[in-house]
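Observations on the model geometry
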Amino acid sequence: MALEGASTDVRRAPSPEVPLGAEVRSETIAGPQATVGQAGGPEADRPSAPLASQGKPVEVAEFDVRTDEILVNMGPQHPSTHGVLRLVLRTDGEVVLEVTPHIGYLHRCAEKIGENVTARQWIPYTDRMDYLAGMNMNLGFALAVEKLLQIEVPEKGRHLRVLIAELNRIASHLVAAGTYGLDLGSFTPFMYCFRERERILDLFELVCGARLTYSYITVGGVTADLPPGWLQKCESFLDQFEPVIDELHVLLTSQAVFIRRTAGIGILPAETAIQYGCSGPVLRGSGVNWDLRRDGEPIYTRMYEGYRWEVIAQTDGRYPQDHPYPPVPKGAVLGDSWHRFYVRMLEVVQSVGLVRQAIEKYSRARGPVGEPIKQSQKLPKAEAYLETEAPKGQMGFLVVGDGTPVPRRCRARSSSFCNLSVLSELCRGCLVADVPAILGSLDIVLGEVDR
Amino acid sequence: MAVHWHSFFFWLMAIMACGFALAVVFSNNIVRMAFYLILSLGAVSGLFFLAGADFLGAMQLMIYVGGTVVLLVFGVMLTARRPWVDMQTSGGQWVLAAVVGALLLAVLLQTAFSVPPWQSSAAAAGALPPAAEPTAGPLGLAMVGVRVERMADRPAAESSSGLAGYLLPFEIVSVHLVVVLVGAAYLARARRRLSAAAPARPLEEAPQ
Amino acid sequence: MVDFLAQYLGSVWLAGTLWALVQVVLVLTVVMISVAFFTWLERKESARIQDRLGPTRVGGRFGWLQPVADGLKLLMKEDLIPAAADRVLFRAAPYVSFCAAFTVFVALPVASGWVALRLDAGVFFVLAVAGLEVLGVVLAGYASGSKWSLFGAMREAAQVVSYEVPLALSAVVPVMVAGSIDPVTIGDLQAGGFWNWLVFHDPFTFAAFFVYFTCAVASVNRAPFDLPEAESELVAGFMTEYSGFRWSVFFMAEYASMLAVSFLAAILFLGAWHGPLPLVAGVYAVLGIPAGHPLAIFVAQLAGAGVFLVKGYLGVATMIWLRWTLPRLRIDQVMTMCLKYCLPLSAAMFLGAAVWLYAFPAGVTSQLLGPGAAATEAAGSPPAVAGRTALAEGGR
């Protein structure tokens, strides 16, 4: 199926702004004396230039290295780049002058495939985008198609969706916290976070049979209702989980060495965050009070009506807190890595409260949870775009229907992609050891960045 | 057939010291030179241990091997342009080096053989060195000005002649070291500010 | 011992050789078995901290034979040398570290009189040789031919060389209190109960112990100072290109130096081979065994060696505990800690201990309680040492 204006050129385009097929003219690295140990392989030192558009020559700057600078390549196989991400650092000894992320190693043409399968058949592809928060991905796309089809999920289904989405938010933030500690050398909280995450994954396995790629929340509702006894299991999990959060605070949030590694590092001003399109804890860590669960589209915010919760962002110098939490340490500046991490920790507690409320509302609600649409359901000749608050930020889905069950275009606007774009700005002038600290605080997942 | 271990280890250390020193001179690769120097100086400290000078041997290890050579290796590594820097020494330089080395050897040999206790080999053959005496304590006291090992030989109980230790040189050296430290810290700091002030080269944007 | 053996063997030379060989084998065996034990301990301790079990299959329920399995595996691995590596230095570097780490044990006594080489400047020798390990690291980083290894090696060298200074300064504090740099003498000084341990001698030595331990952890590159081995940042730092047997040599060197600094801490601060209470002497007194009998002395020394080993192992276990609890400090924070905190602190402790010794030369209790108490104190307090006596006698 050929869309007008598109080529059949199958080379990857790194971004919509740089079309396929253009010429690239690049400057080469100056001389072997610029890098030490270059005999390790020239490929290691020269970053690959992305393919550029047809017609206009795009000048992509390759690094012109002065004699006292080193080009260091982190990845794509690297323990702390959270996936297959390649970071090329231009450093002067220990100080990083420039970071260039090279992405696309996990690109799986999900959006192209979306033009060939029905909407419900594309739900599993959304799972694999932010694979740590599959339920939220499913929810985002399902809501977008529901917006297009103008169908409404019954009340019980909405509460169930809130329950599942918030539980997955906890799981995603646990991975973020654990791997962040791991990047900084703290091995133990990683194990504790994953132990708790295992329990959540067991709960999800009882619900839909899968531990990671759920495809549970689908267009029109969910694939199946909760099994009997699940709510009790969920409540007992939440009861035993809350002391673990305090343990994590001791080991990470208020731990002196952790604070030294994260406070004041990678400060992102609110203006810059908004300009780069950052969202989620990255945005809220800079003090911007914006959460789509409150400020988004009605079809999404309706799910959270009636819940008692607050947007976790520092307003007037304090966070919304009704529990005794570790205070903001001296040296932590609003917008630094510590604040982004702290927002995630507070959101975990927030989500625990939301899950409890959702359990209660779900139990009281009557009626069906929502029937998935038929595979033969035709999509109207219109388009719908909806952004939802995924754990890592604002995840947007565009569905363009053309009268057949198969959409004409499915597009995913990924939060991690925009969050990652701010990396080079944040890393300017920091030390090499700070790059994992900043990258970990952005909490990206490459499945989402590359789709 | 008794193996005289002292001689054996003396020959071993001596051959190592001289052999690795020759390797330093004849090697082409700077970092390998530094490595051979480590081994050569380590062998020299072994010789000190064999002579019963424990403190001096440990000092040799700490100062020469540990300190000087680490600095040497650092400096070599940070300035090496390619993984292996080959030094090509021309023929003329070899001749000059040989002449200077031979002259130095002649001077050293002449000085060594003019020391009276070292002239007769009969006394030295077969004799083991004296058993190790405690040297660290008297050395330390000498540094603060008291030569305890000479106290028994004093001509008169009241006179303190011949007892003056090394206090003054010790203090002078300490002050020198402080000056060096302060100077190094100052030099290092100034350079850091310079490189931090150099602006990062901006990336050219891909034009739309 | 040499004369004893010479009676049976007929020649002094043979006896001397045999005795030297026995000592070498003993030292090597004890240290190698300790190192193997530490690999097991690290896995078990880290597992328990992380709420899991660790090795449980090889050799029974507790996985005792896991180190053997690990060692066999490493021996059978393919011997890889990167194409860009400097072959001679790449091969030699692990052994430089290994030799430096193991030579330290030659001068460390495990019991009174049980020392391979009784050096008069023993503590100085230990500190000097322990600092040579950095050469192997630097050579390894360079010879691997990769930027990452070089990065890690440079960081480690800067760290170890910098921390040698506060380490030595805080080690000098108990040396000054004891009046001797001979570890056997320092150990003999702390006989009796734990109240005689140098760590409790005065508050400055007490603080110096913690400074020493921190600097010791930094100088053996353990977390929170393990940037050169930072897995999540530089893969494995200077060890990135090493695999198989060569890697295990580096790790043996690391564990051996951890044990060495723990042993030195035990000698200098924690009573060396004396237990917290004088149990052996007490048992001998109760049972009426003459303490001068050679067998009695031997058993006492054996008990002392056991106590000493336990203290060293506890030190290593604490280092392992620290590694799995704390995150890693950045290199500039490591250097800040050294130059702005550890160094001034150790210098202050040195000064404070010197002032304390000047003010209370015979111990604080005798000074405060008067001459009557001084007589009883002198009987139980550490004996005056040769250096101070010489000064008192000859300094006029």
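Remember, predicted model here, so these are calculated numbers, not experimental data.

Before going further, it helps to spend a moment on the overall build of chain C. Looking only at helices and strands, one finds 17 helices and zero strands in chain C. The 396 residues of chain C split such that 48% are buried. Long-range pairs, those at least 24 residues apart, make up 75% of the contacts in chain C with a sequence separation of at least 6.

Each helix and strand counted, chain A has 17 helices and 12 strands in total. Evaluated residue by residue, chain A yields a buried proportion of 49% over its 451 residues. For chain A, restricting intrachain contacts to residue pairs at least 6 apart in sequence, the fraction spanning at least 24 positions comes to 73%.

Moving on to the confidence of the model for chain C. Residue and element names in this part refer to chain C. Counting all residues, the mean pLDDT for chain C is 83, and 88% of those residues have values of 70 or more. Between the elements of chain C, mean pLDDT differs from a low of 39, seen in helix α17 (residues 386-394), to a high of 93, seen in helix α9 (residues 203-219). Scoring the predicted complex yields pTM 0.81 and, for the interface, ipTM 0.80.

Another point: the domain arrangement of chain A. Residue and element names in this part refer to chain A. Each domain of chain A was delimited in the assignment, giving domain 1 (21-102) and domain 2 (110-376 + 415-450). On the domain 2 side, the residues contacting the 16 residues of domain 1 number 17 residues. Those elements giving two or more residues to the side of domain 1 that touches domain 2 turn out to be β6 (86-92) and β7 (95-102). Top contributing element to the side of domain 1 that touches domain 2 by residue count: β7, with six residues.

All names here are of chain A. With seven of eight residues buried, strand β11 (residues 393-400) lies mostly within the body of the structure. Bridging between strand β10 (residues 383-390) and β11 involves eight bridges; their strand directions are antiparallel. Bridged to Ala390 within β11 is Gly393. Between β10 and the antiparallel strand that follows it, β11, lie two residues. Note that β11 and strand β12 (residues 409-413) share five bridges and pair antiparallel.

All names here are of chain A. Taken in spatial order, the three strands make up an open sheet running β10-β11-β12, and their pairing is antiparallel. Two strands in the sheet have a free side with no partner beyond their single neighbour: β10 and β12. Taken pair by pair, the neighbouring strands of this sheet meet at an average axis angle of 15°, ignoring direction. The strands that helix α4 (residues 134-149) touches are β10 and β11; relative to β10, the one it contacts most, it runs at about 150°.

All names here are of chain C. Each assigned domain of chain C is listed with its residue range as follows: domain 1 (1-74) and domain 2 (77-361). Placing the centre of domain 1 and that of domain 2 at their C-alpha centroids yields a distance of 19 Å. Counting residues at the interface gives 15 residues for domain 1 and 19 residues for domain 2. Elements supplying a minimum of two residues to the side of domain 1 that touches domain 2: α2 (12-49) and α3 (66-75). By residue number, the principal contributor to the side of domain 1 that touches domain 2 is α2, which donates 11 residues. Per-class residue counts for the side of domain 1 that touches domain 2 are seven nonpolar, five polar and three charged.

This paragraph deals with helix α4 (residues 91-113) of chain B. Taking 1.5 Å of rise per residue, 23 residues should cover 33 Å, and α4 of chain B covers 33 Å from first to last C-alpha, within 8% of that figure. Among the 23 residues that make up α4 of chain B, zero are buried, leaving the element largely open to the surroundings.

Now for the confidence of the model for chain A. Residue and element names in this part refer to chain A. Put simply, chain A has an average pLDDT of 83, and 83% of its residues get 70 or more. The low-confidence segment residues 1-10, where pLDDT is below 50, has six contacts with residues more than four positions distant or belonging to other chains. Within the model, pLDDT remains below 50 along residues 12-65, and this stretch shows 110 contacts once partners closer than five positions in the same chain are excluded.

About the cut-offs
Residues numbered from 1 in each chain as written. Chains lettered and ligands numbered in written order. Predicted model: local features only at pLDDT ≥ 70, side-chain atom pairs only at ≥ 80, totals over all residues. Helix = DSSP H or I, 4+ residues; strand = E, 2+ residues; numbered from the N terminus. Buried ≥ 20, exposed ≤ 12 C-beta atoms within 10 Å, placed from the backbone. Contact = placed C-beta atoms within 7 Å. pLDDT = per-residue confidence, 0-100. Domains from an automatic or database assignment. Pairing = 2+ DSSP bridges. Axes fitted to C-alpha atoms, helices over the stretch in contact; angles between N-to-C directions. Nonpolar A, V, L, I, M, F, W, Y, C, P; charged D, E, K, R; others polar. Expected span 1.5 Å × (residues − 1).

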